[in-house]
Amino acid sequence: MTDKPSRIVILTGAGISAESGVDTFRDEGGIWAKVDYRDVATPEGFARNPSLVHDFYNQRRQGLKGIQPNAAHIALAKLEREFSGNVLFVTQNIDDLHERAGSQRLVHMHGELARALCVRCGTRHGWREDMDAFSICGACGSTGHLRPDVVWFGEMPYQMERISAAIALCDLFVSIGTSGNVYPAAGFVEEAKFAGAHTVELNLEPSEGRSHFAEAHYGKATEIVPVFVERILGG
């Protein structure tokens, strides 16, 4: 990266929140090694056993109360505040650590754990308590139609048009803490390359998409992300 960027898109994945104590999904010993995703993260699983799905997400939602943003989240929030150009964060994570660190220009492409979706009226609510078949929608008043506002397997990620438009215009694309094997997010780097952006991977280890990046730095997110942010701000 030689020229100072003016439009940045930053994709974040499970690796940025892992150091805060958030469980990852696909790593060895991760969530999907312990739970069958077909039971708790598909529309079919929810239809089959909604209580099981609610219990799974209730435990994860309650777990958010014991974690805090780390140095990587805080550095990215600083970038948003101090960067003179345009920056958009796109996260695959359903936790709220980016927001709690101060980020505002943020797309949760896989939804948010602390929100509920009413499948009857389509309304989304902030939701931090337990959810079950008796939970009431605050908009339409119906009972038994709320589900976690997260994108399950087989469903379309949120705000894809906004994400694609931002990538098409960016001159710097950065991927942080992602495995590189979950689509459509894994294809963003190729979109950015096609648009002429400089592409950077910041990760604990090389991702499956490493060959698509022009630049890469490996190590803990709490160590390498703040350094990279200062490089952009100081450049």
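Quantities reported herein were computed from a predicted structural model and do not represent experimental measurements.

Conventions we followed
Residues numbered from 1 in each chain as written. Predicted model: local features only at pLDDT ≥ 70, side-chain atom pairs only at ≥ 80, totals over all residues. Heavy atoms only, no water. Helix = DSSP H or I, 4+ residues; strand = E, 2+ residues; numbered from the N terminus. Rg over C-alpha atoms; globule rule 2.2 N^0.38 Å. Contact = heavy atoms within 4.5 Å. Areas by Shrake-Rupley, 256 points an atom, 1.4 Å probe, with all protein chains shown as cover. Lys, Arg positive; Asp, Glu negative; His and termini not counted. Charge placed at Lys NZ, Arg CZ, Asp CG, Glu CD. Pairing = 2+ DSSP bridges. Axes fitted to C-alpha atoms, helices over the stretch in contact; angles between N-to-C directions. Phe/Tyr/Trp six-rings, centres within 6.5 Å; stacked < 30°, edge-to-face > 60°. Buried < 20%, exposed > 50% of the residue type's maximum accessible area, 1.4 Å probe, protein only. Expected span 1.5 Å × (residues − 1). Arc of directions from axis to C-beta.

**A word on the overall build of the protein chain**
Inference 1: On a plain count of helices and strands, the protein chain comes out with ten helices and nine strands.
Inference 2: Against the 2.2 N^0.38 benchmark of 18 Å for 235 residues, the protein chain shows a C-alpha radius of gyration of 18 Å, consistent with a compact globule.
Inference 3: If one aligns the C-alpha atoms of the protein chain with their principal axes, the spans along those axes are about 55 × 35 × 30 Å.
Inference 4: For the protein chain, long-range pairs separated by at least 24 residues make up 64% of all intrachain contacts whose partners lie at least 6 apart in sequence.
Inference 5: When the accessible surface of the protein chain is summed, it comes to about 11300 Å², and 50% of that surface belongs to carbon and sulfur atoms.
Inference 6: Distance between charge centroids for the protein chain: 4 Å, based on 23 positive and 30 negative side chains.

**Observations concerning the sheet that holds strand E2 (residues 86–91)**
Inference 1: Pairing is parallel across the open sheet formed by six strands, whose spatial order is E3-E2-E1-E7-E8-E9. The open sheet is flanked by strand E3 (106–108) and strand E9 (215–218), the only strands paired with a single partner. Taken over all neighbouring pairs, the strand axes of this sheet differ in orientation by 15° on average, direction set aside.
Inference 2: Relative to E2, helix H6 (residues 71–82) is tilted by about 150°, and along the sheet it contacts strand E1 (7–12), E2 and strand E7 (172–176).

**Considerations on the packing of aromatic side chains**
Inference 1: Scanning the model with the defined rule gives four aromatic pairs in all.
Inference 2: Ring centres of phenylalanine 46 and tryptophan 152 lie 5.4 Å apart, and the angle between their planes is 45°; on these two criteria the pair is classed as tilted. You can see phenylalanine 46 sitting in helix H4 (residues 43–48) and its partner tryptophan 152 sitting in the loop between strand E6 (146–150) and helix H8 (160–169), a full 106 residues away along the chain. Like tryptophan 152, phenylalanine 46 is buried.
Inference 3: With a centroid separation of 6.4 Å and an interplanar angle of 40°, the aromatic rings of tyrosine 57 and tryptophan 152 are classed as tilted. You can see tyrosine 57 sitting in helix H5 (residues 50–63) and its partner tryptophan 152 sitting in the loop between E6 and H8, a full 95 residues away along the chain. Here the two residues tyrosine 57 and tryptophan 152 agree in accessibility, since each one is buried.
Inference 4: Joined through ring pairs, the aromatic side chains of Phe46, Phe56, Tyr57 and Trp152 make up one cluster.

**With respect to helix H10 (residues 221–234)**
Inference 1: Spanning 14 residues, H10 covers 19 Å between terminal C-alpha atoms, matching the ideal 20 Å at 1.5 Å per step.
Inference 2: Turning to H10, its buried residues are Ala221, Ile224, Val225, Phe228, Val229 and Ile232. One side of H10 holds all its buried residues, which, seen down the axis, span an arc of 135°. Set apart from the buried face of H10 by more than 90 degrees, the exposed residues are Glu223, Val227 and Gly234.
Inference 3: Packed against the buried residues of H10 are E1, helix H1 (14–18), H6, E7, strand E8 (198–203) and E9.

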